[in-house]
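# Topology and contacts: notes
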Amino acid sequence: MHELSIAVSMVDMAAEEAAKRGDVKVDAIHLKLGKLTGVVKDALLFSYEIVCQGTPLEGSRLIIEEIPVVVFCPKCEMETPPVAVNNLCCPKCETPTPEVVSGREMEVTALEIE
Ligand SMILES: [Zn+2]
């Protein structure tokens, strides 16, 4: 399960960061998650809770900000959401849009410390 390994690495990272700051308690992790990553938000939240058990992160929250997919259409010369996540074409002219502007993000943007 992909989400589980992501949760493990996030919790590891946050625990390390908390230890570095003098064993502070982490309240929440903020994560930006692009729709193109294929990561299922609910599965990740579920995995996160399991992984946190018995770690200094137990009881903390994972706050996920989902980033919509935006592509650039070279023909219309504009940024637009694609036809579908699995069909990256311009909805106006149906040109395939190889340039993904956003939607691939997966990064921890902030840690909330108590
Ligand atoms: Zn277009």
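Attention in this report is confined to the structure presented alongside it. Predicted model only: the values in this text are computed from it and were never measured.

Here the focus is the sheet that holds strand β5 (residues 99-102). Strand order in the open sheet formed by 3 strands is β4-β3-β5, with antiparallel pairing between adjacent strands. Two strands close off the open sheet at either side, each with one partner strand: β4 (78-80) and β5. Averaged over all pairs of adjacent strands, the angle between their axes in this sheet comes to 35°, without regard to strand direction.

Moving on: the coordination of the zinc ion. For the zinc ion, the full set of protein donor atoms is C73 (SG), C76 (SG), C90 (SG) and C93 (SG), and the range of their distances to it is 2.2 to 2.3 Å. For the zinc ion, the 4 donor atoms are set out with angles of 105 to 113° between them, so the coordination reads as tetrahedral. Between the donor residues of the zinc ion, the gaps in sequence give the motif C-x2-C-x13-C-x2-C. Looking at C90, the relative accessible area reads 1%, which means it is buried.

Along the chain, T97 falls in the loop between β4 and β5. Dropping the residues within four chain positions of it, T97 is found in contact with V71, F72, C73, P74, L88, C89 and C90.

M10, I29, L44, Y48, L57 and L62 are the most contacted members of the largest nonpolar core, which totals 19 residues. For this core, the secondary-structure elements that each account for two or more residues are α1 (2-20), β1 (26-34), α2 (41-52) and β2 (61-67). Those residues in contact with M10 that sit more than four places away from it in its chain are I29, L31, L44, Y48, L62 and V108.

A few words now on the packing of α1 against α2. α2 packs onto α1 with a crossing angle of 50° between their chain directions and a minimal axis gap of 8 Å. Looking at the two axes, α1 sits oblique to α2. In this structure, α1 meets α2 at a crossing whose hand is right-handed. Side by side, α1 and α2 meet where E3, L4, I6, A7, V8, M10 and V11 of the first sit next to A43, L44, S47, Y48, V51 and C52 of the second. The residue inventory of the contact of α1 with α2, partitioned by class, reads 11 nonpolar, 1 polar and 1 charged.

Before going further, it helps to examine the sheet that holds strand β6 (residues 106-113). Strand order in this open sheet of 3 strands is β2-β1-β6, and the pairing throughout is mixed. Edge positions in the sheet fall to β2 and β6, since each has one partner strand and no second. Each neighbouring strand pair of the sheet contributes to a mean axis angle of 20°, computed without reference to strand direction. Relative to β2, β1 runs parallel, the two sharing 7 bridges. Each bridged residue has a counterpart across the sheet, and for L31 the counterpart in β2 is I64. Relative to β2, α2 is tilted by about 165°, and along the sheet it contacts β1 and β2.

Thresholds, definitions, all that
Residues numbered from 1 in each chain as written. Predicted model: local features only at pLDDT ≥ 70, side-chain atom pairs only at ≥ 80, totals over all residues. Heavy atoms only, no water. Pairing = 2+ DSSP bridges. Helix = DSSP H or I, 4+ residues; strand = E, 2+ residues; numbered from the N terminus. Axes fitted to C-alpha atoms, helices over the stretch in contact; angles between N-to-C directions. Donors = N, O, S within 2.8 Å, 3.2 Å for Na, K, Ca; no water. Tetrahedral: all angles 85-135°; square planar, octahedral: opposite > 155°, others 65-115°. Buried < 20%, exposed > 50% of the residue type's maximum accessible area, 1.4 Å probe, protein only. Contact = heavy atoms within 4.5 Å. Core = buried A, V, L, I, M, F, W, Y, C linked by side-chain atoms within 4.5 Å. Parallel < 35°, antiparallel > 145°, perpendicular 65-115°, else oblique. Left-handed = near helix turned anticlockwise from the far one by under 90°. Nonpolar A, V, L, I, M, F, W, Y, C, P; charged D, E, K, R; others polar.

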